[in-house]
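# Analysis of the macromolecular model
Now for the letters of each chain:
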Amino acid sequence: MLASIEKTLLVFAGVLTIALFIIVAPILSLYIIVPPQEYAVFFGSNAQIFVVARKALMTSITAATAATLSLLALGIPSAYVLARAEFPGKRVIEAIIDIPLLIPHIVVGIILLLTFGPRGPINLHIMDTFNGVVLAMMYVSLPIMFDTLKIGFKTIDEELELVARSLGASKIKAFTTITLPLIKRNILAGSLLTWARAMSEVGSILIIAYYPKTINIVILEAFQTYGLKYAAILSAVLITISLTVFIALRMVYRE
Amino acid sequence: MIKIENLHVILGGFKLEIPRLEVRSGEYMVIMGPSGVGKTVLLHTIAGFIRPAKGRIVIDGRDVTREPPEKRGAVLVPQNYALWPHLSVYDNIAYGLRLRGISEKEIMSRIEKISEILGIKHLLKRKPATLSGGEKQRVALARALIVNPRILLLDEPLSSLDPGIRWRSMEFLKKLHKTLSFTTIHVTHDIIETMYLGEKIGYMREGVLIGVYEPGEFLNTEYAKPYIEIISKILGKKAYGHV
Ligand SMILES: Nc1ncnc2c1ncn2[C@@H]1O[C@H](COP(=O)(O)OP(=O)(O)OP(=O)(O)O)[C@@H](O)[C@H]1O
Ligand SMILES: [Mg+2]
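Rules used in this analysis
Residues numbered from 1 in each chain as written. Chains lettered and ligands numbered in written order. Predicted model: local features only at pLDDT ≥ 70, side-chain atom pairs only at ≥ 80, totals over all residues. Heavy atoms only, no water. Helix = DSSP H or I, 4+ residues; strand = E, 2+ residues; numbered from the N terminus. Buried < 20%, exposed > 50% of the residue type's maximum accessible area, 1.4 Å probe, protein only. Contact = heavy atoms within 4.5 Å. Areas by Shrake-Rupley, 256 points an atom, 1.4 Å probe, with all protein chains shown as cover. 1 Å grid on protein atoms, 1.4 Å probe; cavity = no way out; pocket = protein on both sides within 12 Å on 5 of 7 lines; lining within 4 Å. Points joined across faces, edges and corners; volume = space filled by probe spheres on them. Nonpolar A, V, L, I, M, F, W, Y, C, P; charged D, E, K, R; others polar. Domains from an automatic or database assignment. Axes fitted to C-alpha atoms, helices over the stretch in contact; angles between N-to-C directions. Left-handed = near helix turned anticlockwise from the far one by under 90°. Patch = residues over 30% accessible without salt bridge, like charges linked within 9 Å, V, L, I, M, F, W, Y side chains within 5 Å. Salt bridge = Lys/Arg side-chain N within 4 Å of Asp/Glu carboxyl O. Right-handed = clockwise from strand over helix to strand, strands pointing away. Near = heavy atom within 4 Å. Polar contact = N/O pair within 3.5 Å; in protein donor to acceptor, adjacent residues only side chain to side chain. Buried area = accessible area lost by both parts, 1.4 Å probe. Expected span 1.5 Å × (residues − 1). Parallel < 35°, antiparallel > 145°, perpendicular 65-115°, else oblique.

## Some remarks on the overall build of chain A
In terms of regular secondary structure, chain A is built from 12 helices and 0 strands. Starting at the N terminus and ending at the C terminus, chain A contains elements arranged as α-α-α-α-α-α-α-α-α-α-α-α. Relative to its 255 residues, chain A shows a buried fraction of 39%. Long-range pairs, those at least 24 residues apart, make up 74% of the contacts in chain A with a sequence separation of at least 6. As presented, chain A carries roughly 13900 Å² of accessible surface, and 73% of it is formed by carbon and sulfur atoms.

Below, the structure written as structure tokens:
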């Protein structure tokens, strides 16, 4: 009996290994293909493509950060209501929040443009603007932020807040001194995943805001014009930055 | 002192009714009732987390029925004690005083005093997760008592403790009340706790507070009868065994 269980586990572990290989192999080969000195070229070269790429990288980072902070500000109150209150239509609202996960990203770009573009009913000046980039990033990563925060709030026993209230804390005071610190990990995880999702967005940005160019657009252009030559080094830089942020936050998160 | 008049609470299909309840200053009231009878709902309503459909709650002469929880001075100690895991024991206890803008120096001396009384001086630096059940209970009591609540609401304060420590804890609560004489409503389903601690005893059935009794009086009610019978059976058997 035990032997057969172990055999099963062994097979599962084999499957896990294959999955890991599929994830890690492309990243490793990128690092093997792009020699270390190329990174210096990226940050130092005055060649047109690198100048454009550096600027685009900054645009991507600032837009992804802005999208993450905005979603945090929207997500904290919204997720709290969804975690704590029972009201008719709650299931529907929860389903609506997950809709962005279902829509192809090119289509996201199109519907955002139709609604908030220059000819849409609400013109938010998103066409080829930084705000357009941020809006596109927010739309596609909203479910990640909201759901991660909601899970966090749900794990907090409500009596922890009630005691604070009975000791004299207003609702908002109890929220900021008890509830928020207790979901610190979810706030960090949600922000990290949201930021990563925002950084990797390209489909909807392609439609809404080709300019100011974001790094993914530059990589796409480089690939279409020069093949893998420049695309590889740009990709390596982007992956390195994302991995660094990821690992740094994971370390903080663990304390 | 707390006075409740004609209180009705409706929660989905559940109805709570408290025709009349009065707890005098310094009095230890125990309200007994089986699981699901509405004991927690009653405490949450007094604390202000649940809005009653009807009735009045008066604390120290002030009608608080429409006041938010933070203005009532009714401090809750939940069944699981609900210590805040991200704060040290010291910061847990200091929380209520900090809200009141009391100086850190004053807070330190008050915490010293209360932790002496409760025997938790050696725990102040620890995080709640590292405490035993009995220690958690004392910290929760310290956190509540340090703000001098107008009324202390104890939700089954002994039922999450191991049987061995439960009896000691019961004695401890009694002594503590003698020392500090806080006004208390303690809810429980346990007859021994009720008889040992209650200066007045309330009995609830199916969401209704049936009556409030003196301990001696309560023993003669039909509600105490089944318990008394079991206890006399145990005692009888024991006596028999010794013959
Ligand atoms: N928010 C709510 N909505 C609907 N019903 C509720 C709500 N809160 C409590 N109830 C119901 O009210 C009744 C009383 O619950 P309560 O928790 O007060 O019982 P209790 O006497 O404290 O029981 P226990 O000894 O198990 O703690 C239960 O039937 C419970 O399901
Ligand atoms: Mg209860």
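## A closer look at the layout of surface pockets
Taken as a whole, the largest pocket encloses approximately 340 Å³ of empty space. Around the largest pocket, the lining comprises 16 residues; the ones closest to its centre are Ala196, Leu238, Ile239, Ser242 and Leu243 of chain A. At the level of secondary structure, the elements contributing two or more residues to the lining of the largest pocket comprise helix H9 (184–200), helix H11 (215–226) and helix H12 (228–254) of chain A. Here the lining of the largest pocket takes 7 residues from H12 of chain A, the largest share from any one element. Along the lines of polarity and charge, the residues of the lining of the largest pocket split into 12 nonpolar, 4 polar and no charged. Approximately 260 Å³ is the volume attributed to the second largest pocket. Lining of the second largest pocket is provided by Arg110, Lys113, Ile114, Ile117, Leu145, Ile146, Asn148, Pro149, Leu180, Ser181 and Phe182 of chain B. The leading source of residues in the lining of the second largest pocket is helix H3 (residues 104–118) of chain B, at 4 residues. Looking at side-chain class alone, the lining of the second largest pocket contains 7 nonpolar, 2 polar and 2 charged residues.

## Quick word on the domain arrangement of chain A
Many structure descriptions define interface size as the accessible area lost when the parts assemble. Assigned domains of chain A: these are domain 1 (1–33) and domain 2 (43–254). Each of domain 1 of chain A and domain 2 of chain A was reduced to a C-alpha centroid, and the two centroids are 30 Å apart.

## A short note on the packing of helix H3 (residues 48–84) of chain A against helix H6 (residues 130–155) of chain A
All names here are of chain A. Contact pair H3 / H6: the axes reach a minimum separation of 6 Å and the direction vectors enclose 40 degrees. Considering how the two elements wind past one another, H3 and H6 form a crossing that is right-handed. Each residue belonging to the contact of H3 with H6 can be placed in one class, and the counts come to 22 nonpolar, 8 polar and 3 charged.

## Re a nonpolar patch on the surface
Residue and element names in this part refer to chain A. Together, Leu16, Leu20, Ile23, Val24, Leu28 and Ile32 line one region of the surface with nonpolar side chains, adding up to about 600 Å² of accessible area. Examined against the element boundaries, Ile32 turns out to sit in helix H1 (residues 2–33). A relative accessible area of 69% means that Ile32 is categorised as exposed.

## What to know about the pairing of strand E8 (residues 184–188) of chain B
All names here are of chain B. The element E8 is largely enclosed, with a buried count of 5 among its 5 residues. Across the two faces of E8 the burial is the same, with Thr184, His186 and Thr188 and Ile185 and Val187 all buried. In this region the chain leaves strand E7 (residues 151–155), passes through helix H5 (residues 163–180) and returns to the parallel neighbour E8; the handedness of that crossover is right-handed.

## Some details on the site of ligand 1
Residue and element names in this part refer to chain B. Around ligand 1, the neighbouring residues are Leu11, Phe14, Pro34, Ser35, Gly36, Val37, Gly38, Lys39, Thr40, Val41 and Glu156. Between ligand 1 and Gly38 there is a distance of 3.0 Å, counted from an oxygen atom to a backbone nitrogen or oxygen. One nitrogen or oxygen atom from the main chain of Val41 is found 2.9 Å from an oxygen atom belonging to ligand 1. Protein chains shield 57% of the accessible area of ligand 1, which is 640 Å² for the free molecule.

## Considerations on the interface of chain B and chain A
If you look at the interface, chain B gives 22 residues, while chain A gives 19 residues. Here chain B meets chain A over a buried area of about 1800 Å², counting both sides, of which 66% is carbon and sulfur. At the junction of chain B with chain A, the criterion picks out 1 salt bridge. Ionic pairing is found between Glu70 of chain B and Arg165 of chain A, a salt bridge with its closest N-O pair at 2.5 Å. Here chain B and chain A share 8 residue pairs in polar contact (both at pLDDT 80 or more) between them. Taken together, the elements giving at least two residues each to the side of chain B that touches chain A come down to strand E6 (74–77), helix H2 (89–99) and helix H4 (133–145) of chain B. Residues of the side of chain B that touches chain A, tallied by class, amount to 15 nonpolar, 4 polar and 3 charged.

## Observations regarding the side chain of Thr65 of chain B
Residues and elements named next belong to chain B. Relative to the assigned elements, Thr65 resides in the loop between strand E5 (62–63) and E6. Of the residues examined, Thr65 reaches a relative accessible area of 6% and is grouped as buried. Only 2.5 Å separates the side chain of Thr65 from the side chain of Asp63, close enough to count as a polar contact. Non-local contacts of Thr65, meaning those with residues more than four positions away in its chain, are made with Pro52, Gly55, Arg56, Ile57 and Arg72.

## A look at H12 of chain A
Taking 1.5 Å as the rise per residue, H12 of chain A with 27 residues should run 39 Å; its terminal C-alpha atoms sit 37 Å apart, in good agreement. Among the residues of H12 of chain A, those classed as buried are Tyr230, Ala231, Ala232, Ile233, Leu234, Ala236, Val237 and Leu238 of chain A.

## So, unusual backbone geometry
Of the consecutive residues Tyr211 of chain A and Pro212 of chain A, the connecting peptide bond is found in the cis state with omega at -10 degrees. The phi angle at His125 of chain A is positive, at roughly 55 degrees, despite the residue not being glycine. In this fold, His125 of chain A is placed in the loop between helix H5 (105–116) and H6. Of note in this structure, Tyr81 of chain B is not a glycine but carries a positive phi near 75 degrees.

## Quick look at the packing of H2 of chain B against H4 of chain B
All names here are of chain B. Interhelical geometry of H2 versus H4 gives an angle of 30 degrees and a closest axis separation of 7 Å. As judged from the angle between their axes, H2 and H4 are roughly parallel. When the axes of H2 and H4 are compared, the crossing they make is right-handed. Contacts from Val89, Asn92 and Ile93 of H2 reach H4 at Val139, Ala142 and Arg143. Looking at the contact of H2 with H4 residue by residue, the class counts come to 4 nonpolar, 1 polar and 1 charged.

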